[in-house]
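Structure assessment
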Amino acid sequence: MWRRLVQIRRKFSTKLVVDDVVSRAKRPMRRAQLSSANRIIVKLGSAVITREDECGLALGRLASIVEQVSWLHNNGKEVVLVTSGAVAFGKQRMKHEKLLSQSMRSALLPNSERRDLEPRACAAAGQAGLMALYESMFAQYGISCAQVLLTGYDFLAPEGPQNFLQTLDCLLGMKVVPILNGNDVHSPPPQRNSDLQDVVSIPDNDCLSSLVAISTRADLLIFLSDVDGLFTGHPSDSKSRLIRTYYPEHPMQVSFWGKSRVGLGGMENKLNSAVKAVEGGTPVVIANGTKGEGTILDIVRGRPVGTLVASNGHSELTVSAEQLADQARSGSRALQGLSSEQRASVLHHLASLLVEREEEILAANQRDLDSASDLSGPLRARLSLSPQRLASLADGLRQLAGQLLYLCDSSHYFLPTQKGVVSRDIVGEEVERVLVGEGLELVKRKVPLGVVLVVFESRPDCLPQLAGLAIATGNGLLLKGGSEALHSNRCLHSLVQEALQTVVPAGTVALVDSREEISELLTLEGKIDLAIPRGGQDLVRAVMEMSSGRLPVLGHTEGVCHVFLDQHADLEKALRIVLDSKCSYPAACNALESLLVHSDLLDTPAFTALTSSLKHNGVTVYPGPTLATLLPVPSPVATLGTEYGGLEVTVEVVRSVEEAVEHVNSYGSGHTDCIITEDAEAARQFLSGVDSACVFHNASTRFSDGYRFGLGAEVGISTGRIHARGPVGKEGLMTSQWVLQGQGHTVADFEGPASTHHYSHVSLKPSVDRGSATNHREPLENTVMN
Ligand SMILES: Nc1ncnc2c1ncn2[C@@H]1O[C@H](COP(=O)(O)OP(=O)(O)O)[C@@H](O)[C@H]1O
Ligand SMILES: N[C@@H](CCC(=O)OP(=O)(O)O)C(=O)O
């Protein structure tokens, strides 16, 4: 059929049209572009049309579909409906008629002797019922519809598909919704592989829709069926996964099992038809038409519903989300196979590239800044890179590399050294070694998580930090940066690739381009081990929603950081700390947002000096409700706990350390909070009372950072309460593995009446040699550890 259609089209179409199809087919298509689709074909499978209990049509969902189609139609879109269900609905009607018309004798005949319901007759009966329903439903929205029944001749006749195309053009021009179906009455009963069928019959409506989409040069084809989309295997198999995006240029491994209750084609056929449509220039979404109210509108709005089958623009470099995850997994294994010296040298290489290629990086960054003229001050600050920033990123990477190389001696457990280097590699590092019983040793060692996905906003400087941490810890990494930092991220990523390429595959650290890949990656249970959204709360929430509990998510959320000025604060320290916390980088999440002042300080020159110095540095001060009642200031802030991300700060009054602690725990975000005081007891109270990831005494909140903590770099700052809290460095990307080394031991040797061994559980000193989980060790008591 396809071959013949192409032949006919070649014969009758102008060259211009054929070229147009080829160039349309090569256009890469993303979900977001679907909102500009004008001509939309919506195909409804038989299982969408009819009820599961085989008792008539599914009126509720048909009404919802008609409502959505009408909305699109009334908003200027050209919608064509392709409806199946005539045979399935007709069968239900005919069963009833047959029962009424047959004699008692034939009703009692065994099944084998009864005549089957003739599908063509069923189609004739069902089609009339269907159309009557569509007519009355569309009429509710003031829309007329028309029936167009097609056979293979309409496409393959010598004069080509002109006849029906002209009809469709005319109907669409008159704002009538065409409702198409195969003309089953004029077609032989469907028999696949029959020559006759290839000539006159269209195998099914998936195929028909695809032919119509190509011939009418539709912008979008939607297949509504009774499953959520294309799965890797049978949808009810728990191991199967919904494929979010399918690029025909990179076919994926999919297995097909059966059809819907009443469907004709099956999913394999649907996918083949979709691929043909894509080759003809029309992207396709396969989605569930049996659930949800707004599936069609969601698809047209570009939401991640169902499976998008679309061209990736024939890019050799584009691979599916799943393939990206697989490549990162192999990359992680390759990294783990390297020595710590090798990984350290990759980090040094990357550090040098950041400095040597400064000009190239800053030029790419400038392109982003130029096209982000509408970005607010704080976001612009996050986006911009500088020679100093690149130098400190390079420094951080060298710090990370340095941490991979340490000496072990008897007086200091780990010391950096020039010679006699022994690896203290975090990959495989022993954390515990226990003699379980005679000859049976248990080792707990650190291993990388595997594949980590980080979604970050605005800040391109995250990229080398994240890549550095992944390289140091042997993790594969998938990165998705904000579109505003596209050029900077691409440039920095190419440098990471350059540093990596001689030792591990390029896919070890991959840059993900599109949002839909993210929504697909976030469903890849078992392929991605941790997702880290690094940005505002909206991003964190969106990532959590998209993964819907399938992947662990490490939330890096907002930073509503406080500084509390106790009554025993040293003014000179207070001034330095407050200004540094607020003004050194106001867009950072560790910047000061709320200043709490002890009430005893209100009428002192110290307070006046502090507020005027804030004003002098361009900071706008917003009074809290208590301050507003005590001083003649403008009206108070509407809400406490705001993250300004700019040169603004809330100032509020508290009467004691307890009140300060209470305030921070109520309005803070659990990020970083600081007390400025010379009173050791007040400091102790604050540090033990405040329940945040980082609590400081007499130090700027801006220290809350992986680099400044000596972690080399950070994945983000976790305000969650799991083991990775505060600035998350290498440790946050590791998990552990237990290794048990026995000599034929059984549990029965230790437990039960015939036991010969007993549990000793003696702690041994962990080995510092990587991969030495089997070495015999001395008991911990006998070894000195500083
Ligand atoms: N890999 C797969 N992914 C999704 N669905 C599949 C797959 N393999 C088989 N199917 C079956 O395909 C059916 C949908 O195809 P089909 O019967 O042609 O539906 P329709 O009547 O909507 O055209 C589903 O009900 C599902 O059971
Ligand atoms: N012309 C037939 C269509 C059969 C068909 O293709 O069904 P389906 O696979 O459910 O889309 C009918 O109306 O029943």
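This text follows the structure it describes.
These remarks concern the structure in this document.

Rules used throughout
Residues numbered from 1 in each chain as written. Chains lettered and ligands numbered in written order. Predicted model: local features only at pLDDT ≥ 70, side-chain atom pairs only at ≥ 80, totals over all residues. Heavy atoms only, no water. Helix = DSSP H or I, 4+ residues; strand = E, 2+ residues; numbered from the N terminus. Buried < 20%, exposed > 50% of the residue type's maximum accessible area, 1.4 Å probe, protein only. Contact = heavy atoms within 4.5 Å. Near = heavy atom within 4 Å. Polar contact = N/O pair within 3.5 Å; in protein donor to acceptor, adjacent residues only side chain to side chain. Areas by Shrake-Rupley, 256 points an atom, 1.4 Å probe, with all protein chains shown as cover. Pairing = 2+ DSSP bridges. Axes fitted to C-alpha atoms, helices over the stretch in contact; angles between N-to-C directions. Nonpolar A, V, L, I, M, F, W, Y, C, P; charged D, E, K, R; others polar. Salt bridge = Lys/Arg side-chain N within 4 Å of Asp/Glu carboxyl O.

Along its length, the protein chain carries 28 helices and 26 strands. Of all 786 residues assigned to the protein chain, the portion counted as buried reaches 51%. Partitioning the intrachain contacts of the protein chain with sequence separation of at least 6 by distance along the chain shows that 74% fall at a separation of at least 24.

In this section: the site of ligand 2. Not every one of the 14 residues close to ligand 2 is listed here, only the nearest: Lys43, Ser46, Ser84, Asp184 and Leu264. Here an oxygen atom of ligand 2 and a backbone polar atom of Gly85 are 3.2 Å apart. Asn205 has a polar backbone atom sitting 2.9 Å from an oxygen atom of ligand 2. Relative to its unbound accessible surface of 380 Å², ligand 2 loses 95% to contact with the protein.

So, on to the pairing of strand 5 (residues 220-225). Most of strand 5 is tucked away, with six of its six residues classed as buried. Where burial is concerned, the two faces of strand 5 agree: the one with Leu220, Ile222 and Leu224 and the one with Leu221, Phe223 and Ser225 are both buried. As paired strands, strand 1 (residues 39-44) and strand 5 are joined by five bridges and run parallel to one another. Bridged to Ile41 within strand 5 is Leu221. Inspection of the sheet shows strand 5 paired to strand 7 (residues 284-288) by five bridges, in the parallel sense. From the neighbouring strand, Ser225 faces strand 7, where its bridge partner is Asn288.

It is worth spelling out the sheet that holds strand 13 (residues 451-456) at this point. Ordered in space as 15-14-13-16, the four strands form an open sheet in which the pairing is parallel. The two strands at the open ends of the sheet, each matched to only one other strand, are strand 15 (509-511) and strand 16 (530-534). Each adjacent strand pair in this sheet contributes to an overall mean axis angle of 15 degrees, direction not counted. The sheet contact formed by strand 14 (residues 476-480) and strand 15 spans three bridges and is parallel. Bridge pairing in strand 15 places Leu477 opposite Val509. Against the sheet, helix 20 (residues 486-500) makes contact with strand 13 and strand 15, and its axis sits at roughly 160 degrees relative to strand 15, the strand it touches most. In this fold helix 22 (residues 537-547) packs onto strand 13 and strand 16, with an angle of close to 155 degrees to the strand it touches most, strand 16.

Ser225, Asp226, Ser260, Gly266 and Lys270 are the nearest of the 25 residues found near ligand 1. Contacts to ligand 1 include Ser225, whose side-chain N or O atom sits 2.6 Å from an oxygen atom. In the environment of ligand 1, an oxygen atom lies 2.5 Å from a nitrogen or oxygen atom belonging to the side chain of Lys270. Out of a free accessible area of 580 Å², ligand 1 has 97% covered by protein chains. For the shell around ligand 1, the secondary structure elements donating two or more residues are helix 3 (46-49), strand 5 and helix 12 (267-279). The residue makeup of the shell around ligand 1, split by class, is nine nonpolar, 12 polar and four charged.

According to the stated counting rule, one finds 29 salt bridges in the structure shown. Across the pair Arg541 and Asp538 runs a salt bridge, and its minimum N-O distance is 3.9 Å. With Arg541 and Asp538 both in helix 22, this residue pair falls three residues apart, about one helical turn. Of the residues examined, Asp538 reaches a relative accessible area of 62% and is grouped as exposed.

Attention shifts here to the sheet that holds strand 11 (residues 430-437). The strand order across the open sheet built from four strands is 25-12-11-26, with neighbouring strands paired in antiparallel fashion. Two strands lie at the open edges of the sheet, namely strand 25 (734-741) and strand 26 (762-764), each paired on one side alone. Each strand of the sheet is rotated relative to its neighbour by a mean of 25 degrees, with strand direction disregarded. Of the pairings in the sheet, the one linking strand 11 to strand 12 (residues 440-448) comprises six bridges and is antiparallel in character. The partner of Glu430 across the bridge, within strand 12, is Arg445.

Moving on: the side chain of Asn489. Of note, Asn489 is situated in helix 20. By relative accessible area, Asn489 is classed as buried at 2%. If we skip the residues at most four places from it in the chain, Asn489 touches Phe456, Pro460, Leu463, Gly481, Gly482 and Leu511.

One non-glycine residue, Lys175, lies in positive phi territory at about 60 degrees. Following the sequence through the fold, Lys175 ends up in the loop between helix 9 (162-173) and strand 4 (177-182). Exposure remark for Lys175: the relative accessible area of 55% places this residue in the exposed category. With a phi close to 50 degrees, Arg217 is a non-glycine residue in the positive phi region.

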